[in-house]
Amino acid sequence: VFPILKELAIAGSNLRKPTVVIFADVDRIQMEDEISSRAGDLGKLRIITRKGDPTNPGDLVRANVGGSKSIIILDADDAGDATVVSTVLAVKSVVTDPSIPIVAEVDDAQTGEALTSATRGQVQTVRSHDVIARVTAQASRQPGLSTVILDLLDFDGDEIYFSSVPALEGKTYGDALLAFNGASIIGVRDDKGAIHLNPKASTKIGKGSQFIAIAEDDDKVVYTGVVKAKAPTVTGPKTTKRPAEHLLVVGWSSMGHSVISELSAFLPKGSTVHIVANPKYVDPAELKSLKFDGLAVSYSASTGDIDELIAAAEAKHYDEVIVLGYRN
């Protein structure tokens, strides 16, 4: 919740009285102390804490949840998605306005799909596990990528905006790329809500479509007219056989499987992954049975002693080292 509060503080800096109500079955003094010590300076963002049961419609009514501009439901326990689903149902029973967006954190992708479908799109679900795993994997392939992602997703500097431009309906995506002097177009959301990032230049822009743009502010996404320009001919690089890569993974958790699965699609044939983990926290049988397409996976036990880790790291040449926390 603390990173979310910081982002909301930046997002609401232009509002007159930005307010966030935190409603949880936790002592209010405890919540306020933790926010004060961990969230840092929140500017003019006003925080109101309320204690109650988020799955109880009566408690939600007393907290005036129906008066919210938007609602965020966080996964606050280890009971899987049961509590989140119960909270969504309770919120929907007291929030009658279907235009109020609800964002829920879930563990299971099928649960998330069911919630979105059952609420006709009002509830949008986020699997933080997948997001973190994919960013971790891609950042290990491209150093600095995590900084780029943060720059695009926070509220400081340039951001991502959606903008409707009726003048471009019927024209091509290639035309749109050269039609904004103060913004960079990166994709289109069609009239059915489907996202198309960097489609072919010949793609026709349909009625009701919105452009996805990177700009300093939403008022910078201004249509300045189609400019005709001939793109230079670009020849692709010669394909060369990439040598096998070797990864060392220190530590393990359920996120490790997602990280390696994401990486397996980018690693050359013959690549290897060696996992060093403490058997006190991870079942060795699980690590010994791991299989990924095209990857040879091995495992060795380590208590985390520095000499053991040095020995593991020096056993062979590793191209990358990924350190995972024992999340449980």
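Residues numbered from 1 in each chain as written. Predicted model: local features only at pLDDT ≥ 70, side-chain atom pairs only at ≥ 80, totals over all residues. Heavy atoms only, no water.

Draft legend 1. Structural view of the packing of helix H6 (residues 128-141) against helix H9 (residues 254-264). In contact at an axis separation of 8 Å, H6 and H9 are set at 50° when each is read in the N-to-C sense. Regarding the angle of H6 to H9, the classification is oblique. Both H6 and H9 take part in a crossing whose hand is right-handed. Along the contact surface, H6 presents His129, Asp130, Ile132, Ala133, Arg134, Thr136, Ala137, Gln138, Ser140 and Arg141, while H9 presents Ser254, Met255, Ser258, Val259, Glu262 and Leu263. Across the contact of H6 with H9, the residue classes tally to 6 nonpolar, 6 polar and 4 charged. (Axes fitted to C-alpha atoms, helices over the stretch in contact; angles between N-to-C directions. Helix = DSSP H or I, 4+ residues; strand = E, 2+ residues; numbered from the N terminus. Parallel < 35°, antiparallel > 145°, perpendicular 65-115°, else oblique. Left-handed = near helix turned anticlockwise from the far one by under 90°. Contact = heavy atoms within 4.5 Å. Nonpolar A, V, L, I, M, F, W, Y, C, P; charged D, E, K, R; others polar.)

Draft legend 2. A look at the nonpolar core. In this structure, Trp252, Ile260, Leu263, Ile275 and Leu287 are the most contacted members of the largest nonpolar core, which totals 21 residues. For this core, the elements supplying multiple residues, two or more each, are H6, strand E10 (246-250), H9 and strand E11 (272-277). Considering each element in turn, this core owes the most residues, 4 residues, to H9. In contact with Leu287, other than residues within four places in its own chain, are Trp252, Ile275, Ala277, Val282 and Tyr299. Ranked by size, the runner-up nonpolar core spans 18 residues in total, among them Ala90, Val106, Leu115 and Val123. (Core = buried A, V, L, I, M, F, W, Y, C linked by side-chain atoms within 4.5 Å. Buried < 20%, exposed > 50% of the residue type's maximum accessible area, 1.4 Å probe, protein only.)

Draft legend 3. How the structure looks around the sheet that holds E10. Spatial ordering of the open sheet is given by E12-E11-E10-E13, a layout of 4 strands whose pairing is parallel. One side of each edge strand has no neighbouring strand; the edge strands of this open sheet are strand E12 (296-301) and strand E13 (320-323). Neighbour-to-neighbour, the strand axes of this sheet turn through a mean angle of 20°, independent of strand direction. Here E10 pairs with E13 via 4 bridges, running parallel. Its bridge partner lying in E13, Val249 is registered against Ile322. (Pairing = 2+ DSSP bridges.)

Draft legend 4. Molecular detail of the packing of helix H1 (residues 2-11) against helix H2 (residues 28-38). Between H1 and H2, whose axes approach to 10 Å, the crossing angle comes to 65°. As far as their axial angle goes, H2 and H1 are roughly perpendicular. Along this stretch, H1 crosses H2, giving a crossing that reads as right-handed. For the pair H1 and H2, the contacting residues are Phe2, Leu5 and Lys6 in the first and Glu34, Ile35 and Arg38 in the second. Split into classes, the residues belonging to the contact of H1 with H2 amount to 3 nonpolar, no polar and 3 charged.

Draft legend 5. The arrangement of the pattern of salt bridges in detail. The tally for this structure, following the rule as stated, stands at 9 salt bridges. Between Glu32 and Arg28 there is a salt bridge whose closest N-O contact spans 3.8 Å. A residue pair is termed a helical-turn pair when its members lie 3 or 4 positions apart in one helix, as Glu32 and Arg28 do in helix H2 at 4 residues. According to the relative accessible area criterion, Glu32 is partly exposed, its value standing at 36%. Arg28 sits in the partly exposed class, given a relative accessible area of 35%. Glu245 serves as the salt-bridge partner of Arg141, at 2.7 Å between the closest nitrogen and oxygen. Of this pair, Arg141 sits in helix H6 while Glu245 sits in the loop between strand E9 (210-215) and E10, and the two are 104 residues apart along the sequence. Just as Arg141 is buried, Glu245 falls in that class too. (Salt bridge = Lys/Arg side-chain N within 4 Å of Asp/Glu carboxyl O.)

Draft legend 6. Quick look at the packing of aromatic side chains. Evaluation of the coordinates by the stated rule reveals 3 aromatic pairs. Aromatic side chains Phe180 and Tyr223 sit 6.3 Å apart centroid to centroid with 65° between the ring planes, which places their arrangement in the edge-to-face category. Linking Phe180 in the loop between helix H8 (173-177) and strand E7 (183-189) with Tyr223 in the loop between E9 and E10, this pair joins segments that are 43 residues apart in sequence. Taken together, a centroid distance of 4.9 Å and an interplanar angle of 45° make the contact between Tyr281 and Tyr326 tilted. Residue Tyr281 is found in the loop between E11 and helix H10 (284-288), and its partner Tyr326 is found in the segment after E13; the two are separated by 45 residues along the sequence. (Phe/Tyr/Trp six-rings, centres within 6.5 Å; stacked < 30°, edge-to-face > 60°.)

Draft legend 7. Up close: the sheet that holds strand E3 (residues 71-73). Judged by pairing direction, the sheet is parallel, and its 3 strands sit side by side in the order E3-E4-E5 without closing on themselves. A single partner strand is all that each edge strand has here, and the edge strands are E3 and strand E5 (123-126). When the angles between neighbouring strand axes are averaged without regard to direction, this sheet yields 20°. Of the strand pairs in this sheet, E3 and strand E4 (residues 102-105) are connected by 3 bridges, and their pairing is parallel. Among the inter-strand pairings, Ile73 is bridged to a residue of E4, identified as Ala104.

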